[in-house]
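# Chain and residue survey
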Amino acid sequence: MIFDAGVFIALDKPSKRGIVLALVEELARQGITPATNDAALAQAWRKPAQQVAMKKLVDATDVRPFGDPKTIGMVCAQTGTSDIADASLALLARQMDRPVLTTDPGDMRKLGVEFRKL
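Note that the structure is a prediction, hence the values are computed from the model and not measured.

It is characteristic of soluble globular proteins that their nonpolar side chains tend to be buried jointly. Membership of the largest hydrophobic core comes to 34 residues, with the highest contact counts inside it found for Ile-2, Phe-3, Val-7, Phe-8, Val-20 and Leu-57. For this core, the element with the highest residue contribution is helix H6 (residues 84-96), accounting for 7 residues.

Structure (structure tokens):
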């Protein structure tokens, strides 16, 4: 499972925190380490002293590099999207053959990758 920034941000919302934590526990039971990239993490990381749950999730997540900017730009051009973070996650999802857990299904749909909505 690839996490978009919205998954990390959801930890700050009491109504979503339990859903995210339950999913992470299920992935751990299956021996799956969630992944993201540094662009998605940068979108969410703001006040780490106050984002304790987010820090714990980041520590349990495989954080990958952003990716090749030229390829990501071309993906945006080909799909008519403008969010480079989402495009980079779509490429990561293809490379790792995993779905993206997202709070923005519209972009993931346009990017043509398997996703699950949070």
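On to the packing of aromatic side chains. Each aromatic ring pair is described using two quantities: the centre-to-centre distance and the angle formed by the ring planes. Evaluated as defined, the whole model comprises 1 aromatic pair. Taking 6.1 Å as the distance between ring centres and 75° as the angle between the ring planes, the aromatic pair formed by Phe-3 and Phe-8 counts as edge-to-face. Judged by its relative accessible area of 0%, Phe-3 is buried. The buried category is assigned to Phe-8, whose relative accessible area is 0%.

What follows covers H6. The first and last C-alpha atoms of H6 sit 18 Å apart over 13 residues, in line with the 18 Å expected at 1.5 Å per residue. Counting buried positions along H6 gives 10 out of 13 residues, so the element sits mostly inside the fold. Among the residues of H6, Ala-85, Asp-86, Ala-87, Ser-88, Leu-89, Ala-90, Leu-91, Leu-92, Ala-93 and Met-96 are the ones counted as buried. Measuring from the backbone nitrogen of Ala-85 back to the side-chain oxygen at the start of H6 gives 2.9 Å, which picks out Asp-83 as the cap.

The next thing to look at is the pattern of salt bridges. Scanning the entire structure with this criterion turns up 4 salt bridges. Here Arg-29 and Glu-26 are joined by a salt bridge, their closest N and O atoms 2.9 Å apart. In this pair, Arg-29 and Glu-26 are both assigned in helix H2 (residues 14-29), 3 residues apart and thus about one turn of the helix distant. Of the residues examined, Arg-29 reaches a relative accessible area of 59% and is grouped as exposed. Residues Asp-59 and Lys-55 are paired through a salt bridge, measuring 3.2 Å at the closest nitrogen-oxygen approach. Of this pair, Asp-59 and Lys-55 both sit in helix H4 (residues 52-59), 4 residues apart, roughly one helical turn.

Turning to the side chain of Asp-4, a few remarks are in order. Relative to the helices and strands, Asp-4 resides in the loop between strand S1 (2-3) and helix H1 (5-10). Buried and without a salt bridge, Asp-4 has Lys-13 as its closest oppositely charged side chain, separated by 10 Å. Separated by 2.5 Å, the side chains of Asp-4 and Thr-102 make a polar contact.

This paragraph deals with unusual backbone geometry. Positive phi is not limited to glycine here, since Asp-97 has a value of about 55°. On the secondary structure map, Asp-97 appears in the loop between H6 and strand S4 (100-102).

What counts, and where the lines are drawn
- Residues numbered from 1 in each chain as written.
- Predicted model: local features only at pLDDT ≥ 70, side-chain atom pairs only at ≥ 80, totals over all residues.
- Heavy atoms only, no water.
- Core = buried A, V, L, I, M, F, W, Y, C linked by side-chain atoms within 4.5 Å.
- Buried < 20%, exposed > 50% of the residue type's maximum accessible area, 1.4 Å probe, protein only.
- Helix = DSSP H or I, 4+ residues; strand = E, 2+ residues; numbered from the N terminus.
- Phe/Tyr/Trp six-rings, centres within 6.5 Å; stacked < 30°, edge-to-face > 60°.
- Expected span 1.5 Å × (residues − 1).
- Polar contact = N/O pair within 3.5 Å; in protein donor to acceptor, adjacent residues only side chain to side chain.
- Salt bridge = Lys/Arg side-chain N within 4 Å of Asp/Glu carboxyl O.
- Lys, Arg positive; Asp, Glu negative; His and termini not counted.

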